[in-house]
2 protein chains.
Amino acid sequence: MYPNSRVFPTNSPAARCSTRLKDPPATDQALPRRLVGVPPPITVFHSEVFPIKLRPTCKTDAKLIMASAASSSNTITAACFSSLHRSSGAASSPTDQLFSAAFPKFKGLKLDLSSSTDLFSCRRVGGKRRALNHLITGSVPVEVAPETDVALIEKSVNTIRFLAIDAVEKANSGHPGLPMGCAPMGHILYDEIMRYNPKNPYWFNRDRFVLSAGHGCMLHYALLHLAGYDSVKEEDLRQFRQWKSRTPGHPENFETPGIEVTTGPLGQGICNAVGLALAEKHLAARFNKPDATIVDHYTYCIVGDGCNMEGVSNEACSLAGHWGLGKLICFYDDNHISIDGDTDIAFTESVDARFEALGWHVIWVKDGNTDYNAIRQAIADAKAVTDKPTLIKVTTTIGYGSPNKANSYSVHGSALGKKEVEATRQNLGWPHEPFVVPEDVKSHWSRHAKQGAELEVKWDNDLATYERKYPEEAREFKQLISGELPSGWDNALPRYTPELSGDATRNLSQACLNAIAKVLPGILGGSADLASSNMTLLKMFGDFQRNTPTERNLRFGVREHGMGAICNGIALHGSGLIPYCATFFVFTDYMRAAMRISALSEAGVIYVMTHDSIGLGEDGPTHQPVEHLASFRAMPNILMLRPADGNETAGSYKVAVENRKRPSVLALSRQKLPQLPGTSIEGVARGGYIISDNSSGNNPDLILIGTGSELEIVFKAAEVIRKEGKTVRVVSLVSWELFEEQTPEYKESVLPSSVIARVSVEAGSTFGWEKYVGPKGKAVGLDRFGASAPAGVLYKEFGLTVDNVVVQAKQVI
Amino acid sequence: MYPNSRVFPTNSPAARCSTRLKDPPATDQALPRRLVGVPPPITVFHSEVFPIKLRPTCKTDAKLIMASAASSSNTITAACFSSLHRSSGAASSPTDQLFSAAFPKFKGLKLDLSSSTDLFSCRRVGGKRRALNHLITGSVPVEVAPETDVALIEKSVNTIRFLAIDAVEKANSGHPGLPMGCAPMGHILYDEIMRYNPKNPYWFNRDRFVLSAGHGCMLHYALLHLAGYDSVKEEDLRQFRQWKSRTPGHPENFETPGIEVTTGPLGQGICNAVGLALAEKHLAARFNKPDATIVDHYTYCIVGDGCNMEGVSNEACSLAGHWGLGKLICFYDDNHISIDGDTDIAFTESVDARFEALGWHVIWVKDGNTDYNAIRQAIADAKAVTDKPTLIKVTTTIGYGSPNKANSYSVHGSALGKKEVEATRQNLGWPHEPFVVPEDVKSHWSRHAKQGAELEVKWDNDLATYERKYPEEAREFKQLISGELPSGWDNALPRYTPELSGDATRNLSQACLNAIAKVLPGILGGSADLASSNMTLLKMFGDFQRNTPTERNLRFGVREHGMGAICNGIALHGSGLIPYCATFFVFTDYMRAAMRISALSEAGVIYVMTHDSIGLGEDGPTHQPVEHLASFRAMPNILMLRPADGNETAGSYKVAVENRKRPSVLALSRQKLPQLPGTSIEGVARGGYIISDNSSGNNPDLILIGTGSELEIVFKAAEVIRKEGKTVRVVSLVSWELFEEQTPEYKESVLPSSVIARVSVEAGSTFGWEKYVGPKGKAVGLDRFGASAPAGVLYKEFGLTVDNVVVQAKQVI
C-alpha cells in the first residue's frame, strides 16, 4: 500500500525487526552470537534491529527516560536470547515449553528499574508441531517506509494528535490522551494496512475497525477525516461533542458513516469485533470458492486497559480463541493509566498470559510511540497466524507529547488547557493553527479516495465473475447483503388454530426459528449454554465451530453478556445476517449493557428469552424474572414481546425479523400453554388487540388485559364473568411499544377511555400497568421476588388464578 | 480434626502424596531415580504415592477406564519428572520458568488417548526467590485418614450422593450431577477441614463456604444435614424445592441458616467468596494483634465450568489475585460437562493458565472421584501459600456412580429416574432406603456439634482475653459485629440551608460518605475506576491493597459487575461491614445481576451512582441513563433514591445506612444544583413530601412533582405559575418505594386524589409515572436516548425547562 515502500526478504536485517525468527540471525552483531546454531524455531515477542530513534518527545525527564529505555533494549534482547539458549538442551523433548524471563518493567514514560516482572516472555516450540505449525513460519515480509518518508509519517501522526487535541480543546470536553498515544498505530492502520473506500463507507468487503476504547473517538474521527470520509469534514471536527454533530462524544455508528459499531461502555467494542470477525469467517466459508473470493476482510480493534478489565471482554475473547478467528487483530493500548491513576492499583494480572490461555496469538510492541516498524511487523505477523486471533500489546504513553501531562490520568479525560496545548505544540514542533492538516499530509492521504474506489471496482468485478460461475450462490449472497428480506418469507411462519395441542412458547419459538431459517439465509444464532432449554437449535444446521464455520448454530457457553455483544457485531456487519441469542429471561440482567447498545446502535438482534416468569417453578427466585418486562418496556428503541401462544409467537418473529434497526426481546414460557382463539400474527403487529369480546358499541362492562402465559387466565376469567351477564373484552397486550405506535383511533378502539373497569394480569411486576388499567383499575401481578416451588403452586399462592382475577374484576366493575 | 488421623512428617512416603516436594524423594522406587539430587525445589501439581484404589464405580466401561487412568499415573508422573530433569541445567538462571507437558486428556470417565493437551503442568521455581518464597516450602504435613476408616469415608461420601439423588428424585426436579461428582471434596471440607458450629450457623469466626455452582445445592444441604445444622433436617430434604421449604432450588442465605450467600446465577458465588475473603483479610489486619487473634477463617468455594465461563468471575478473580487473598481456596469442579454437552463445544481455553495469569496459585487434583488424599493434600498446600488465592482444579465425573448417565449432560439438571436410581444403588452398593443416613455415618458426623461448640467457646475466651488487653479495639470490634449502628451516628450527617452554595449531589455524597465514615466503623468501599468522578474516596483512609489491608478505599478497576458481587460478599460476611460501590448510573447495566442478588439476598450494599441523567452532557447516549430509574423502581426489595440537594443526599445516606437488609441505589448528579428550601433529611425517609405549597385545605390547583436535579425546575416553575394566581404544591418524590410504604393518610396528604392536575418532571423515561400523574396529568421526561452535547443544551432541546413545565402545567390545570 505504501507508495514508495520496499519489501525486505525474510532474512534481511530489516525483516528481523520481527517478532519471530525462523533462523538464527547470521550477521547482526547486536544479537548474542550464542543464538547461532540454535536448532528449533523460536518465537520472540518483539526485538529491535532498527535503533529506536531518539526524539524530542517531552521537555521534562521523559526524554532521558525514553533514551534509557531505548538504550537498554539490546541488553534486554540479549538477556532473553541468552536465557533461551541455556535451555536449548530440552529441544528434542516432545513438550511445548513456556519460558518467561524477568525484565525491568517499562511503564509508560517511566522505566522502573526497582522491580522486575515477566512481561517479556518467549515461547519455544518443540512438540505438537502439527497444531502449532503456524508458529514456526518465519517472519513474514513487511512493507517498510523508506527513511525519506519517515518525516512525513511523523507529521501525519502528529496531525492526528493535534486534531484530537484541538477538537477536545474547542469542546472543552473529551479524551485527548488515547489519540495522542495511539496515533502511530492509527496512522499505520488507516494509511498503510486497511482496505476501505472512504467515499462508500458501506462497501461490503472493507476491513472493519472498532475503537473499543471509545472515549478516544477523536483518534477515529481524525483518521476518517484524513482518509477522506465525507462524514468527518473539518467542520465536523470543530463541532465535536456538540448538538446534532456527526462527531459525538463516543463513536456512534448511527451518527457517523465510517464508524462500524457504537462503543464507549468499556469492553463492548472488542466483543463487537469478535462478532464482525465471526460474520466474516462464516460468510467467507459459506460463499468463497477455491477460484473466487468475495468475502475477505480483517477486523481490527483497539482495546484499552479498561476493556481488558471488563469481564465481558474475557467472555468474547475466550470464544474468539475457541473459534480460531484468525482475521481478528486487536491492539491493546498498554499505557498503564486508567482514570483512577496507575493500573497498578487494580490491574496487575498478566494480560499477555491470560490471552495466551484463551488461545490467542500474543505479540508485544514495546515502543508504540515511535517504533512504526515494530507495529507494521506485528500486523504482518498477526496476519501470518491464520487460526488464532492476535493480541498486539502496544506499550504507549497516554497523552504522548504533552510535556507535563503525558503518562498521567490528567490527560485521559479532560482538555489539556491552553497552556499545555501550547507546550505540546512546542514540544512536538507543531507550528500549525488548530484543525490544520498540513498540505503534504493532506496530499499524502489523498490517494485513499482513488485507491478505495479501485478496491471497490475490483471487488465488483470479482463479484460479477463469481456470479457467472456460481449464479445460485451469488443470488443468495446478493440477497443477503442487500439487507432486504426475501418476499413472502413470512409465509413460512406457522399458524395455529385452537384445536391444535398446546405447547410452551419456547417450543413454539423453536418451530418458528426452524421455519424461518429455511427461507431467511441470514438467520444464525444460539444460546448461552441453554440450547436444550431455550429450544434454539436450528435442526438443519450443525454447530459453527473453528473447522465448521459454514454452520449456523452458535455455542456461546455460559457467557450471556459476551453473547449479546457479539450478536451486535454480527448484526452491524452489514451483511444481512440476522443474529438471535438466547438465555433465561432473568439472565438478561447479565447482558443488559449489550442489549441497550443493540437498541441504541440499531442492531436488530433477536433476543430469545425463555423461562419468562415464576412459571419456571422450582429453580426459584434467582431464576424467576419479575421486573424484567418493565425494565425493557422502559428502554428506548427495543421491542418487548410476550406472546401467549403459537400465533403470537409467530407474530413476534414476524415483528422481530422485520425490525432490522430495532432489537426485539421475546419473553417465552417454559410451561405449556393452550392455542387460544382470537390470537393472530396480525394482531401482534399492532402490539395490543382484542382476542375476545361479547360487548357491542365499544363499551364493555370490563376489559381484561393479559400478556403471554397469563392471557389464558384472563380468557378463562372472562368466560366466568360473562356467565354472570357482564360484557367482557379480552385484550392481548403483547407489545406495549407497538401498541403505542398505533393511531389514537385504533388505541381507543381497543381500550376505550370511557371504560375504566380494567384488570391486567401478568406474572411480573405491576410497575407501569397504571398506564393501561388507570387509577380505578387493578393490576394483578407480582411485586416481590418469586419462590422455589412447582409452577402451579406458585401461580396459586401469588393469586395468578382465574378465581382471583374474577374476584378482582368484580371489585372494579 | 479426623479422630484417628495421623500426621506424617514431611519426608515420609505419605507426605509425598504431595503437590510439592522440598527434597528429592530418597526411597520411593516408583519415582524416577534421576530426580535424586536435583538441586532446586520443585512444585508439581499432584502426584500419587498411594495407589489409586480400583473401585466398582460403574457397570459399564467406566471401570476399565478408571483403571487405565489409575495405572497410567505412574507413567505420567515419571514422564513429567523426567521432562523436568532434562531441563534442570537452567536451574541457576534468574528465571521463573513454566513448563507444560503434553499428556493424555482425562475427560470424566473417558480417557481420551487420541488427543493430548497440556492440562498437566508443573512450575519450576528458580529466580525471584523473595517473591515466590512460599513456593519453596516443602510439602506441608497433612492429616490422612487411616486405612481402616476409608470405608467409612466412602460410605459418608455415598450418603451425600444418595441424599442428593433421593431429594431430586422426590422433587422430580433438580441437579443431581454436581453433588454426585463433588461429594468427596464436600465430605473432606465439612468433615475434616472446615471450622464451624452447626448449632450456631452465625458464629462469627466460622469458615465460610460458598457453592458458586448453586444448582448443585443438594450437595450443600446434604452436608449441612450431616454436620448437624438444625436448618436442614430430614424433613427439609424431603421438602426439597417445595413451597416454603428451607431447601429451595438454589442456595438462599435468607431461607437456610448455614448458607452464606445466594447463588445460582453463575459466577456470582465466586465473587461473593472474594468479598467474604476480603472482609476477613480487612478485619484480621485491623483487629488481630501479635498476641491475640480474633479474626481468622478461610473462605472455601466450589465453582463449575459455568462460573468460569462468566466474565464476572474473571473480574473478581483478577482482583482476588491482585489483593493476594491467600485464605480464599476455590475448588474448580472440572467435569467437562455443561448443559449443552461437552465443554469442548464452547470452552477450550486453559483455565489453569488463566488463573495463573490472574495471580492465583493453581493445583490440579487429577482424580476428584476417589483420591481423597490428593484433595486433602491440595487443601494443605493451598493453605501453605498465604499470599495468593488458590484454585484447586478437581477433575471429577458429573453424576459419578450412575452407570448410564454419569459424564453426560443428562445427569446435570434432571432427576435420574427410578430405573437409573436403582442402577446407581446397585452400582455403588447402596442398600439403604431413600433419605437414610447409615448409623455409623451419623455417628461419625455427630462429633461436629460438640467440636463446633468448643470452637465457639474457645473463640469467646480468646475474645475475652483480647478485650482485657485491648479494650478500645474490642469495643469497636464488638460494636461492628453486633450489626447495630452506633447511637446518634446520623448526627454526623451534614445539613444544609438554602443560603449555602449549591453543589453537584455527587460532591454532596462525598461529604456524607466522609462524614459517616468517621462514626461508622463498618463503612468501606470504592469505585469501578471512577473514584474521582463518583467522588467516593474516603479521605482519612488509604487504599485497601495487598499490603495495606486495614485501609478502606477499595479500588475495583473497570469491573462493575465483579464490584457489585464482591460487595454482596462483604455485606453478607455478617460482621457489620457496610460496603458501598460506585460507577456511572448507566453502568448499573453491567452489574444488574449482582444488584438483583443484593436485593434478593438482603445484602445492604449502598450503590453510589453518579452522572444520573443527560445532565452529564457531552459523553452522549452511551453514558446517559434514561430507563434506569424505572428499571430499579420495578425491582423488588431495593431502594431507588434520587436526592435533589444536600439535605436530600444526607437523607438518602440515612436511609441507605439504616436499611441493612435492603440495598439502596443513590442516583446523583454530575451537575451543580442549588440547596432548595423545604428539603429535609426527614422528608427523604418518607419517600415523598411537600417542599413548597401556597395552597390550603389540601387542595392546590396543581401539583408539580420532581426528583433529583429536576426538583429545581419544578420549584421554579411553581413560582412562575403562582405569580399568575394559582396555588401550586411542589412534591419531591425522592424514593417511590419509601413513599408507597407510608400510610394511606400520609400519601393522601401529599398527593390528594381530588387533585388531578399534576405534572411530573424527571430527566429519564416517563415509564411508570402514570401512577402519580394519573390519566389527566403529564409526565415530562425523556422517552428516547439522549445525545452528545453540553448538558444545558440537552435540557433545553428535550424540554426539561421551567418554560416548558409551565406550558405543560397550564394544559392540565
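Residues numbered from 1 in each chain as written. Chains lettered and ligands numbered in written order. Predicted model: local features only at pLDDT ≥ 70, side-chain atom pairs only at ≥ 80, totals over all residues. Heavy atoms only, no water.

In the annotation of an unreviewed UniProt entry, the entry for chain A reads transketolase, and the organism field reads Ceratopteris richardii. According to the UniProt record, the Sequence similarities (unreviewed entry) comment for chain A reads "Belongs to the transketolase family." In UniProt, chain A has this text filed under Catalytic activity (unreviewed entry): "D-sedoheptulose 7-phosphate + D-glyceraldehyde 3-phosphate = aldehydo-D-ribose 5-phosphate + D-xylulose 5-phosphate". (UniProt positions renumbered as here; feature names shortened; annotations may be inferred.)

1. Details of the overall build of chain A
Within chain A, the regular secondary structure consists of 28 helices and 28 strands. Looking at chain A as a whole, 69% of its 813 residues qualify as buried. A fraction of 77% describes how many contacts in chain A between residues 6 or more apart in sequence connect residues 24 or more apart. (Helix = DSSP H or I, 4+ residues; strand = E, 2+ residues; numbered from the N terminus. Buried < 20%, exposed > 50% of the residue type's maximum accessible area, 1.4 Å probe, protein only. Contact = heavy atoms within 4.5 Å.)

2. Some points on the packing of helix α4 (residues 177-193) of chain A against helix α11 (residues 372-384) of chain A
Residues and elements named next belong to chain A. One can describe the packing of α4 onto α11 by two numbers: an axis separation of 10 Å at closest approach and a directional angle of 60°. What the angle tells us is that α4 and α11 run oblique. Between α4 and α11 lies a crossing whose hand is right-handed. Within the contact between the two elements, α4 uses P184, M185, I188, L189, E192 and I193 and α11 uses Y372, I375, R376, I379 and K383. (Axes fitted to C-alpha atoms, helices over the stretch in contact; angles between N-to-C directions. Parallel < 35°, antiparallel > 145°, perpendicular 65-115°, else oblique. Left-handed = near helix turned anticlockwise from the far one by under 90°.)

3. Observations regarding the sheet that holds strand β25 (residues 702-706) of chain B
Residues and elements named next belong to chain B. Read across the sheet, five strands follow the order β24-β26-β25-β27-β28 without closing on themselves; strand pairing throughout is mixed. For this open sheet the edge positions go to β24 (689-693) and β28 (778-780), each flanked by a neighbour on one side alone. Between one strand and the next, the sheet's axes are offset by a mean angle of 20°, whatever the strand orientation. Relative to strand β27 (residues 758-761), β25 runs parallel, the two sharing four bridges. Bridging from a neighbouring strand, I705 pairs with S760 of β27. (Pairing = 2+ DSSP bridges.)

4. Digging into the packing of aromatic side chains
Here a ring pair, both rings aromatic, is described through the centre-centre distance and the interplanar angle of the planes. Taken as a whole and judged by the stated rule, the model has 51 aromatic pairs over all chains. Here W736(B) and W769(B) contribute two aromatic rings whose centre-to-centre distance is 4.7 Å and whose plane-to-plane angle is 80°, an arrangement assigned as edge-to-face. Taken together, the residues W736(B) in helix α24 (residues 736-740) and W769(B) in the loop between β27 and α26 (770-773) connect sequence positions 33 residues apart. A cation over a ring is seen here: K383(A) above Y298(A), with NZ or CZ 4.6 Å from the ring centre. Directly above the aromatic system of Y746(A) lies the positively charged group of R686(A), at a separation of 3.8 Å from the ring centroid. (Phe/Tyr/Trp six-rings, centres within 6.5 Å; stacked < 30°, edge-to-face > 60°. Lys NZ or Arg CZ within 6 Å of the ring centre and 35° of its normal.)

5. Some details on the interface of chain B and chain A
For an interface, size is often stated in terms of accessible area lost upon the parts coming together. Contacts between chain B and chain A engage 110 residues on the former and 110 residues on the latter. When the two sides are added together, the surface that chain B and chain A hide from each other amounts to roughly 9,000 Å², 57% of it contributed by carbon and sulfur. Looking at the side of chain B facing chain A, the largest losses of area belong to W243(B), R596(B) and F767(B), adding up to 9% of the total buried there. Summed over the shared surface of chain B and chain A, the result is ten salt bridges. For the salt bridge of E770(B) with K771(A), the shortest nitrogen-to-oxygen distance reads 3.9 Å. Counting across the interface, chain B meets chain A through 50 residue pairs in polar contact (both at pLDDT 80 or more). Each residue belonging to the side of chain B that touches chain A can be placed in one class, and the counts come to 47 nonpolar, 36 polar and 27 charged. (Buried area = accessible area lost by both parts, 1.4 Å probe. Salt bridge = Lys/Arg side-chain N within 4 Å of Asp/Glu carboxyl O. Polar contact = N/O pair within 3.5 Å; in protein donor to acceptor, adjacent residues only side chain to side chain. Nonpolar A, V, L, I, M, F, W, Y, C, P; charged D, E, K, R; others polar.)

6. Here we look at the sheet that holds strand β21 (residues 639-641) of chain A
Residue and element names in this part refer to chain A. Pairing in this open sheet of six strands is parallel, and the strands run β18-β17-β19-β20-β22-β21 from one edge to the other. Looking at which strands have only one partner, the edges of the open sheet turn out to be β18 (553-555) and β21. Between one strand axis and the next, the sheet turns through 20° on average, direction left out of account.

7. Observations concerning the environment of S692(B)
Residues and elements named next belong to chain B. Relative to the helices and strands, S692 resides in strand β24. Classification of S692 by relative accessible area gives buried; the value is 12%. Measuring from C-alpha to C-alpha, the distance between S692 and L733 comes to 13 Å, with 41 residues separating the pair along the chain. Polar contacts involving the side chain of S692 include one to the side chain of R722, which spans 2.5 Å.

8. Topic: unusual backbone geometry
All names here are of chain A. Positive phi, normally seen in glycine, also occurs at N407, with a value near 65°. As for its placement among the helices and strands, N407 is situated in the loop between β15 (390-395) and α12 (418-427). Although it is not a glycine, D529 adopts a positive phi angle of roughly 65°. On the basis of relative accessibility, which here comes to 5%, the residue D529 falls in the buried class.

9. Regarding the UniProt feature "domain: Transketolase-like pyrimidine-binding" (unreviewed entry) in chain A
According to UniProt, the positions carrying the feature "domain: Transketolase-like pyrimidine-binding" (unreviewed entry) are residues 503-675 of chain A. Measuring from the first to the last C-alpha atom of residues 503-675 of chain A gives 8 Å, for a span that is 35% helix and 18% strand.

10. Some remarks on the pattern of salt bridges
Residues and elements named next belong to chain B. For the structure shown, the criterion picks out 80 salt bridges over all chains. Residue E472 is joined to R475 by a salt bridge in which the shortest nitrogen-to-oxygen separation is 3.0 Å. Remark: R475 and E472 occur in helix α15 (residues 471-482); sequence separation between them is three residues, near one turn of the helix. Across the pair R495 and E682 runs a salt bridge, and its minimum N-O distance is 3.0 Å.

11. Section: the environment of Y400(B)
Tracing the sequence through the fold places Y400(B) in the loop between β15 (390-395) and α12 (418-427). On a C-alpha basis, the gap between Y400(B) and Q545(B) in space is 41 Å, while along the polypeptide they are 145 residues apart.

12. Quick notes on the UniProt feature "binding site: Mg(2+)" (unreviewed entry) in chain A
Residue and element names in this part refer to chain A. Summarizing the sequence annotation, UniProt attributes the feature "binding site: Mg(2+)" (unreviewed entry) to D305, N335 and I337 in the numbering used throughout. These annotated residues cover 33 residues of sequence, but their C-alpha atoms sit close together, with the largest distance between any two at 7.7 Å. Structurally, N335 is set in the loop between β11 (328-334) and β12 (337-338). Among residues more than four places away in sequence, those in contact with N335 are D305, T396, I398 and N407. Mapped onto the elements, I337 comes out in strand β12. Beyond its immediate chain neighbours, meaning those up to four positions away, I337 contacts D305, D342, T343, I398, N407, S408 and Y409.

13. Let's talk about the nonpolar core
If you look at the biggest cluster of nonpolar residues, it comprises 96 residues, and the most contacted ones within it are L702(A), L704(A), L702(B) and L704(B). Apart from the residues within four sequence positions on either side, L704(A) is in contact with V714(A), A717(A), A718(A), I721(A), V728(A), R729(A), V730(A), V731(A), V759(A), V805(A) and A809(A). (Core = buried A, V, L, I, M, F, W, Y, C linked by side-chain atoms within 4.5 Å.)

14. So, the packing of helix α9 (residues 311-323) of chain A against helix α9 (residues 311-323) of chain B
Two numbers describe how α9(A) lies on α9(B): the axes approach to 7 Å, and their chain directions differ by 120°. The orientation of α9(A) relative to α9(B) falls into the category oblique. Pair α9(A) / α9(B) crosses with right-handed handedness. Judged by residue contacts, G311(A), V312(A), N314(A) and E315(A) of α9(A) engage G311(B), V312(B), N314(B) and E315(B) from α9(B). A class-by-class count of the residues in the contact of α9(A) with α9(B) yields two nonpolar, four polar and two charged.

15. Remarks on the relation of the copies chain B and chain A
Once turned by 180° and shifted 0.0 Å along the axis, chain B lies on chain A with an RMSD of 0.0 Å. Such a combination of rotation and displacement between the chain copies is what one expects of a two-fold axis. A symmetric contact is evident, with 100% of the interface residues of chain B recurring at the interface of chain A. (Least-squares fit on C-alpha atoms with pLDDT ≥ 70 in both.)

16. So, the pairing of strand β17 (residues 523-527) of chain B
All names here are of chain B. Taken across its five residues, β17 has five buried, putting it largely inside the fold. Burial along β17 is two-sided: I523, G525 and S527 and L524 and G526, pointing in opposite directions, are all buried. Looking at chain direction, β17 and strand β19 (residues 578-584) are connected through five bridges and run parallel. Considered in β19, the bridge of S527 is made with A582. Summarising the sheet, β17 and strand β18 (residues 553-555) pair through three bridges and their orientation is parallel. Residue S527 lies in a different strand from β18, and its bridge partner there is R555.

17. Description of the pairing of strand β22 (residues 664-667) of chain A
Residues and elements named next belong to chain A. Covered by surrounding structure in β22 are S664 and L666 together with V665 and A667, the residues of both alternating faces. Of the strand pairs in this sheet, strand β20 (residues 606-610) and β22 are connected by four bridges, and their pairing is parallel. In the strand pairing of β22, Y607 is matched with V665. In this fold, β21 hands off to helix α21 (residues 646-658), which returns the chain to β22; that crossover is right-handed. (Right-handed = clockwise from strand over helix to strand, strands pointing away.)

18. Observations concerning the confidence of the model for chain A
All names here are of chain A. Per-residue pLDDT for chain A averages 86, and the proportion of residues at 70 or more is 82%. When the criterion is pLDDT under 50, residues 1-138 qualifies, and its contacts beyond four places in sequence or with other chains add up to 281 contacts. Interface scoring of the predicted complex returns ipTM 0.86; its pTM is 0.87. (pLDDT = per-residue confidence, 0-100.)

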